[in-house]
Amino acid sequence: MGWRKPLDSIVSTKPMADLFRHTLHLIDRPLMRLTGGRFNMTLGLPSILLTTMGRKSGVPRSSPLLYVPFEDDIVIIGTRFGGNSHPGWYYNLIAEPKATVLKEGESFEVEARMPSDDERAMIWETADQVYMGFEKYRSRVTEREIPMFVLKRV
């Protein structure tokens, strides 16, 4: 996919990331539900629809996310497009690590855990191969450690 690198380079710029942080989920959430997670606006990047329980509201909250394959599991990374605050789903998974994933037409339950330091290093290597924007996001995040969760099917 020779077009992926130039597209990722544009999409991961700060102005585009700021735009997508506020708008992309408005398109992807219904699109992924409608297509069973088979189609979204990430154009070929590995994506899931993660549904967590709202820690304050108790209401299910769904977030379209890129994921990184890790062994037999899925890893999600809370870059928030390079923003300096954690995404809402992070707090929901801290409060309740059980969630649901919609991926490629299949819905399944997962349990989230944070990776070890050694796993984090391996995950970043893979993540940078999956989407070059992760490296740009890391360079912009200065006020927090970017969280990761390993999602294991239960």
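J.: Even after reading the chapter, I still don't get the sheet that holds strand S5 (residues 98–103), so can you show me in this structure?
T.: Within a sheet, neighbouring strands are paired by backbone hydrogen bonds and run either parallel or antiparallel to one another. A sheet is described by the order of its strands in space; here seven strands give the open sequence S2-S1-S5-S6-S7-S4-S3, paired in antiparallel fashion. In this open sheet, the two strands that pair with only one neighbour each are strand S2 (60–66) and strand S3 (68–70). Taking the axes of each pair of neighbouring strands and ignoring which way they run, one obtains an average angle of 35° across the sheet. With three bridges connecting them, strand S1 (residues 47–53) and S5 associate as antiparallel partners. Bridging across to S5, Leu49 finds its partner in Leu102. Contacts between helix H3 (residues 88–95) and the sheet are confined to S1, S2, strand S4 (73–77), S5, strand S6 (106–113) and strand S7 (148–153), with S1 contributing the most and set at about 55° to the helix.

J.: How should the packing of aromatic side chains be read in this particular structure?
T.: Where two aromatic rings form a pair, the distance of their centres and the angle of their planes describe that pair. Applying the stated criterion across every chain yields a total of seven aromatic pairs. Between Tyr90 and Phe149, the aromatic rings sit 5.9 Å apart at their centres with planes inclined by 50°, giving tilted as the arrangement. Taken together, the positions of Tyr90 in helix H3 and Phe149 in strand S7 put the pair 59 residues apart, joining distant regions of the chain. Pair check on accessibility: Tyr90 and Phe149 agree, each one buried. Each ring, one from Tyr131 and one from Phe134, has its centre 5.5 Å from the other, and the planes form 85°; the classification is edge-to-face. An identical accessibility class is assigned to Tyr131 and Phe134; each is buried. The side chain of Arg138 reaches across the aromatic face of Trp124, ending 4.1 Å from its centre.

J.: Sorry, what's going on with the nonpolar core here?
T.: As a rule of thumb, soluble globular proteins bury nonpolar side chains together. Core analysis: the largest hydrophobic core is formed by 16 residues, its most contacted members being Ile48, Leu50, Ile76 and Leu151. Taken together, the elements giving at least two residues each to this core come down to S1, S4, H3, S5, S6 and S7. Apart from residues no more than four positions distant in its own chain, Ile48 is found in contact with Met32, Ser63, Pro64, Leu65, Tyr67, Ile74, Ile76, Val101, Leu102, Lys103 and Leu151. Residues Val68, Trp124, Ile146 and Met148 belong to the second largest nonpolar core, which totals 15 residues.

J.: It is not clear to me how a nonpolar patch on the surface should be interpreted in this structure. Could you clarify?
T.: Taken together, Leu26, Ile27, Phe39 and Met41 make up a surface patch of nonpolar side chains, about 390 Å² in accessible area. Assignment of secondary structure puts Met41 in the loop between helix H2 (14–34) and S1. The class for Met41 is partly exposed, based on a relative accessible area of 39%.

J.: Is there a simple way to explain the environment of Pro64 in this structure?
T.: Checked against the element boundaries, Pro64 lands in strand S2. Each C-alpha atom of the pair Pro64 and Ile94 lies 18 Å from the other, and the pair is 30 residues apart in sequence. If sequence neighbours within four positions are ignored, Pro64 has contacts with His25, Asp28, Arg29, Met32, Ile48 and Leu49.

J.: Can you walk me through the side chain of His86 in this structure?
T.: When you line up the elements, His86 lands in the loop between S4 and H3. A distance of 2.9 Å separates a polar atom in the side chain of His86 from a polar atom in the side chain of Arg144. Not counting the four nearest positions on each side in its chain, His86 is found in contact with Arg80, Tyr91, Arg144, Glu145 and Pro147.

J.: Help me understand unusual backbone geometry, please; the structure alone is not making it clear to me.
T.: With phi around 50°, Arg80 is a residue other than glycine that occupies positive phi space. Residue position: Arg80 is located in the loop between S4 and H3. Positive phi values are uncommon outside glycine, yet Phe81 reaches one of about 60°. Along the polypeptide, Phe81 turns up in the loop between S4 and H3. The class of Phe81 is partly exposed, set by a relative accessible area of 24%.

Rules used in this analysis
Residues numbered from 1 in each chain as written. Predicted model: local features only at pLDDT ≥ 70, side-chain atom pairs only at ≥ 80, totals over all residues. Heavy atoms only, no water. Pairing = 2+ DSSP bridges. Helix = DSSP H or I, 4+ residues; strand = E, 2+ residues; numbered from the N terminus. Axes fitted to C-alpha atoms, helices over the stretch in contact; angles between N-to-C directions. Contact = heavy atoms within 4.5 Å. Phe/Tyr/Trp six-rings, centres within 6.5 Å; stacked < 30°, edge-to-face > 60°. Buried < 20%, exposed > 50% of the residue type's maximum accessible area, 1.4 Å probe, protein only. Lys NZ or Arg CZ within 6 Å of the ring centre and 35° of its normal. Core = buried A, V, L, I, M, F, W, Y, C linked by side-chain atoms within 4.5 Å. Patch = residues over 30% accessible without salt bridge, like charges linked within 9 Å, V, L, I, M, F, W, Y side chains within 5 Å. Areas by Shrake-Rupley, 256 points an atom, 1.4 Å probe, with all protein chains shown as cover. Salt bridge = Lys/Arg side-chain N within 4 Å of Asp/Glu carboxyl O. Polar contact = N/O pair within 3.5 Å; in protein donor to acceptor, adjacent residues only side chain to side chain.

Don't take any of this as a statement about function, it's just geometry.
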